[in-house]
Amino acid sequence: MRKLLGGLTASFGLAVTLFGGWMLVRGPFLGGPSLDSTSMLAALTAFLVGIVIFFRGLVRWADVGARI
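Below or above, wherever it landed, is the structure these notes cover. (Residues numbered from 1 in each chain as written. Predicted model: local features only at pLDDT ≥ 70, side-chain atom pairs only at ≥ 80, totals over all residues. Heavy atoms only, no water.)

### Quick word on the overall build of the protein chain
Right, on to step 1. Of the regular secondary structure elements, the protein chain holds two helices and zero strands.
Right, on to step 2. In terms of overall dimensions, the protein chain is more spread out than a globule: its C-alpha atoms have a radius of gyration of 15 Å, far above the 11 Å expected for 68 residues.
Right, on to step 3. Taken along its principal axes, the extent of the C-alpha atoms in the protein chain is 45 × 20 × 15 Å.
Right, on to step 4. For the protein chain, buried positions account for 21% of its 68 residues.
Right, on to step 5. Taking the contacts inside the protein chain whose residues are at least 6 apart along the sequence as the reference set, 66% of them involve residues at least 24 apart.
Right, on to step 6. Surface summary for the protein chain: the accessible area is close to 5000 Å², and the carbon and sulfur share equals 75%. (Helix = DSSP H or I, 4+ residues; strand = E, 2+ residues; numbered from the N terminus. Rg over C-alpha atoms; globule rule 2.2 N^0.38 Å. Buried < 20%, exposed > 50% of the residue type's maximum accessible area, 1.4 Å probe, protein only. Contact = heavy atoms within 4.5 Å. Areas by Shrake-Rupley, 256 points an atom, 1.4 Å probe, with all protein chains shown as cover.)

### Some details on helix α2 (residues 37-62)
Right, on to step 1. Taking 1.5 Å of rise per residue, the 26 residues of α2 would be expected to cover 38 Å, and the 37 Å separating its terminal C-alpha atoms lies within 8% of that figure.
Right, on to step 2. All of the buried residues along α2 are Ala43, Gly50 and Gly57.
Right, on to step 3. Buried positions along α2 lie against α1 (2-30).
Right, on to step 4. Following α2 by one or two positions, Asp63 adopts a phi angle in the positive range, close to 60°. (Expected span 1.5 Å × (residues − 1).)

### Describing the packing of aromatic side chains
The geometry of an aromatic ring pair is captured by the separation of the ring centres together with the interplanar angle, meaning the angle of the planes.
Right, on to step 1. By the definition in use, this model includes one aromatic pair.
Right, on to step 2. Measuring from centroid to centroid gives 5.1 Å for Phe54 and Phe55, while their planes differ by 70°, and the two rings are edge-to-face.
Right, on to step 3. What makes Phe54 partly exposed here is its relative accessible area of 22%.
Right, on to step 4. Classification of Phe55 by relative accessible area gives partly exposed; the value is 47%.
Right, on to step 5. Sitting above the plane of the Trp22 ring, Arg26 keeps its charged end 5.8 Å from the centroid. (Phe/Tyr/Trp six-rings, centres within 6.5 Å; stacked < 30°, edge-to-face > 60°. Lys NZ or Arg CZ within 6 Å of the ring centre and 35° of its normal.)

### Points about α1
Right, on to step 1. For α1, with 29 residues, the first-to-last C-alpha span of 39 Å sits near the 42 Å given by 1.5 Å per residue.
Right, on to step 2. If you look at α1, its biggest bend is around 30°, right at Leu24, and the proline Pro28 turns up within four residues after that.
Right, on to step 3. All of the buried residues in α1 are Gly6, Ala10, Gly13, Val16, Thr17, Gly20, Gly21, Met23, Leu24 and Gly27.
Right, on to step 4. Buried residues along α1 sit against α2.
Right, on to step 5. Phi turns positive, to about 85°, at Gly31, one or two residues after α1. (Bend = angle between axes of the 7 residues up to and from the residue.)

See below:
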């Protein structure tokens, strides 16, 4: 059950990271309009939080870390 929850968490984090990254690069690099500053900050926050969630789920899935 722990591996399943870790895998789902990692998948969710990866999806959030990909969405945030896509929102950041879609404008300037793919020919779309550039985001305003508030939306750019929200996309960057989603990207960074997605990375943290992804690695937290990956650590749970791999079952490494300290046991408290």
